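Overview (structure and organization)
These are the residues of each chain, in order.
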Amino acid sequence: MADALWHERALALNIDGRAFINGERAWSRTEQQFDKHSPIDGRKLAAVARCGAPDVDAAVQSARAAFEDGRWSGMPPAKRKRVLIRFADLIQQNTAELALLETLDMGKPIKYSQSVDVGSAANCIRWYGEAVDKVYDEIAPTASSSLALITREPVGVVGAIIPWNYPMIMAAWKIAPALAAGNSVVLKPSEKAPLTSLRLAELALQAGIPAGVFSVLPGYGNEAGSALALHMDVDCIAFTGSTRVGKQIMQMAGQSNLKRAWTELGGKSANIVCADCPDLDAAVAAAVGSIYFNQGESCNAPSRLFVEESVKDAFIEKALAMVPRYQPGDPLDEATVMGAIVDEVQMKTVLGYIEAGKHGGARLLAGGAQERAQSGGYYVAPTLFDQVDSGMKIAQEEIFGPVLSVLSFSDVQDAVKQANATPYGLQAAVWSADMSKAIQVARALRAGTVHVNQYDGDDITVPFGGYKQSGNGRDKSLHAFDKYTELKTTWIQIG
Ligand code: NAD
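In what follows, the accompanying structure is described. (Residues numbered from 1 in each chain as written. Predicted model: local features only at pLDDT ≥ 70, side-chain atom pairs only at ≥ 80, totals over all residues. Heavy atoms only, no water.)

Another point: the overall build of the protein chain. A tally of regular secondary structure across the protein chain gives 16 helices and 23 strands. Taken against the 2.2 N^0.38 rule, which gives 23 Å for 495 residues, the C-alpha radius of gyration of the protein chain at 23 Å falls within 12% of a compact globule. Each of the three principal axes of the protein chain carries a C-alpha extent, and together these read 75 × 65 × 40 Å. Within the protein chain, buried positions represent 57% of all 495 residues. Partitioning the contacts of the protein chain with sequence separation of at least 6, the portion at a separation of at least 24 is 75%. Distance between charge centres in the protein chain, computed from 47 positive and 55 negative side chains, equals 3 Å. (Helix = DSSP H or I, 4+ residues; strand = E, 2+ residues; numbered from the N terminus. Rg over C-alpha atoms; globule rule 2.2 N^0.38 Å. Buried < 20%, exposed > 50% of the residue type's maximum accessible area, 1.4 Å probe, protein only. Contact = heavy atoms within 4.5 Å. Lys, Arg positive; Asp, Glu negative; His and termini not counted. Charge placed at Lys NZ, Arg CZ, Asp CG, Glu CD.)

Looking now at the sheet that holds strand 23 (residues 485-493). Here three strands make up an open sheet; going across it, the order is 5-6-23 and the pairing antiparallel. Two strands in the sheet have a free side with no partner beyond their single neighbour: strand 5 (138-139) and strand 23. Both strand 5 and strand 6 (residues 146-154) contribute to a ladder of two bridges, which runs antiparallel. In the strand pairing of strand 6, Glu 138 is matched with Ile 150. (Pairing = 2+ DSSP bridges.)

What follows covers the site of the ligand. For the ligand, the set of nearby residues contains 30 residues, the closest of which are Ile 162, Glu 191, Ser 242, Leu 265 and Glu 398. Between a nitrogen atom of the ligand and a side-chain N or O atom of Gln 248, the distance comes to 3.2 Å. A distance of 2.6 Å is found between an oxygen atom of the ligand and a side-chain nitrogen or oxygen belonging to Glu 398. Per-element accounting of the shell around the ligand gives the leading share, four residues, to helix 9 (residues 243-255). When its residues are assigned to classes, the shell around the ligand shows 15 nonpolar, 11 polar and four charged. (Near = heavy atom within 4 Å. Polar contact = N/O pair within 3.5 Å; in protein donor to acceptor, adjacent residues only side chain to side chain. Nonpolar A, V, L, I, M, F, W, Y, C, P; charged D, E, K, R; others polar.)

This paragraph deals with the sheet that holds strand 14 (residues 363-366). Strand order in the open sheet formed by seven strands is 14-17-18-13-12-20-21, with mixed pairing between adjacent strands. What marks the edges here is a single partner per strand, and that holds for strand 14 and strand 21 (449-452). Adjacent strand axes in the sheet meet at a mean angle of 20°, parallel and antiparallel pairs treated alike. Sheet analysis places strand 12 (residues 270-273) next to strand 20 (residues 427-431), joined by four bridges and oriented parallel. From the neighbouring strand, Val 273 faces strand 20, where its bridge partner is Trp 431. (Axes fitted to C-alpha atoms, helices over the stretch in contact; angles between N-to-C directions.)

As a further point, take the pattern of salt bridges. Overall, the coordinates contain 31 salt bridges when judged by the stated rule. With a shortest N-O distance of 3.5 Å, Lys 393 and Glu 397 are connected by a salt bridge. Its relative accessible area of 43% is what places Lys 393 among the partly exposed residues. What you see here is one network of salt bridges that share partners, running through Asp 16, Arg 18, Arg 25, Glu 97, Arg 199 and Glu 202. (Salt bridge = Lys/Arg side-chain N within 4 Å of Asp/Glu carboxyl O.)

Counting through the fold element by element, Ser 390 comes out in the loop between strand 17 (383-386) and helix 13 (393-396). Within the local environment of Ser 390, its side chain forms a polar contact with the side chain of Gln 418, the two groups lying 3.0 Å apart. If we skip the residues at most four places from it in the chain, Ser 390 touches Phe 306, Ala 395, Gln 396, Leu 407 and Gln 418.

Looking now at helix 4 (residues 95-106). Compared with an ideal rise of 1.5 Å per residue, which puts 12 residues at 16 Å, helix 4 spans 16 Å between its outermost C-alpha atoms and is within 8% of the ideal. Among the 12 residues in helix 4, nine count as buried, and that is most of the element. For helix 4, the complete set of buried residues consists of Leu 98, Ala 99, Leu 100, Leu 101, Glu 102, Thr 103, Leu 104, Asp 105 and Met 106. At the exit of helix 4 stands Gly 107, carrying a positive phi of roughly 95°. (Expected span 1.5 Å × (residues − 1).)

Shown next, in the form of structure tokens:
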């Protein structure tokens with residue numbers, strides 16, 4: 001589609017910001033709304049329901065009723081599979097609309113909303129749909145006088161709270177395994193990007209997911225979010241977001257009914273390039289491409305780049321030659337690869353970290369400022385700091401913006417020590433032609449995923465999640481069923 005057409009379509013969109021509860025669109029019972037503006041140009045997109053505790057009560061009640069009467073939980077897995085596959089198909093049939101909503105809502109380039117976000121969300125839902133009638137339970141190897149069945153049962157009502165950086169993908173990572181396992185789900189998207197989640201709920205109903213089984217409540221974290229995390233009739237809370245709020249979620253679970261609490265949190269991932277890196281150009285392309293993808297608003301962005309001293313100058317020279325390709329542009333232009341930061345608050349946070357880097361003694365080699373201010377939106381230039389020290393604020397805290405910090409090392413043990421010296425442990429990478437060295441480093445890195453000689457390994461078949469304060473539990477793969485099922489043992493006396 002030509003770029004002018006995306007703009008025309010954007011203006012013609014009629015966006016419904018009402019919540020989706022028990023199979024219907026509804027304004028909040030609190031009668032509150034908030035205005036959702038686009039980070040692309042500041043334009044108001046829609047009034048959105050500002051849900052609160054009464055809406056959470058209504059959604060949880062309908063979720064519980066649906067769970068108990070078995071309209072979804074009691075459906076044979078093969079039938080749930082067909083419905084979930086239809087849901088995935090509908091997502092793909094509505095690619096243009098969903099991609100446009102995602103881009104307008106949170107600022108990412110339309111190129112990626114279409115090619116990455118919609119397809120990835122649909123693939124996730126299809127994959128769990130396909131998996132659900134192929135997963136078997138177990139019989140324990142007990143004495144022959146009895147039979148011990150170990151079965152998985154859905155936990156019941158799942159509350160899901162997600163961030164704004166990949167709204168559709170984050171929604172899919174939660175709802176697909178939870179629904180496939182037979183649960184009812186109440187989803188609270190981020191107030192910064194609620195629009196695609198609301199459309200997903202309509203498509204789910206259209207696909208045949210019965211009313212009440214999947215509700216979506218837009219609203220603020222300290223209103224709808226905390227009401228969900230504190231609710232006494234929610235069995236499990238699955239959270240993706242910052243480490244700060246993740247800690248509060250665990251407390252709220254403990255403070256209420258000790259619901260199972262799963263957290264997928266922040267990151268400060270380390271990318272270690274050794275002097276014997278087999279392909280320096282590939283390492284540069286991965287380092288630069290991965291930090292600037294999605295405007296740097298990725299939990300697993302390799303924001304700390306450790307380069308062995310002897311190759312550092314060559315590496316930086318190559319990296320600086322690539323940086324201009326990531327200059328921010330109009331997100332509705334299909335050539336744009338870096339879009340807008342989600343809102344003014346986040347843009348100011350990123351610019352604040354850049355100031356902290358400069359004052360802390362790091363050397364700014366590229367970017368460092370707001371861009372495209374005349375658009376009315378929020379854009380930051382791709383930024384690169386050299387001479388960063390592990391103890392600096394920009395090397396310790398998650399910036400969640402297009403800022404790459406380059407650090408150096410002289411021996412690989414020192415690199416591992418520095419890499420592990422943050423509270424986070426989401427992802428990491430090591431580049432070396434010496435496979436036994438690379439594997440030793442991979443083993444020593446305290447991270448949920450370690451890449452060797454690449455940074456783009458990603459597939460629905462592998463678990464995603466972190467060590468340390470990057471969270472607990474795993475999204476994606478069959479392991480995600482662990483979050484949304486209870487294990488039951490049934491002893492049967494024989495003879
Ligand atoms: P955030 O923690 O501010 O908000 C996440 C969600 O929690 C939002 O829906 C928000 O409304 C809600 N929330 C906020 N306060 C709450 C409260 N008191 N009670 C209940 N809910 C509350 O995070 P964000 O800014 O939306 O997202 C960015 C963060 O998400 C980054 O730290 C990023 O690393 C992380 N993230 C992690 C993963 C992962 O898989 N590990 C994936 C994507 C993003």
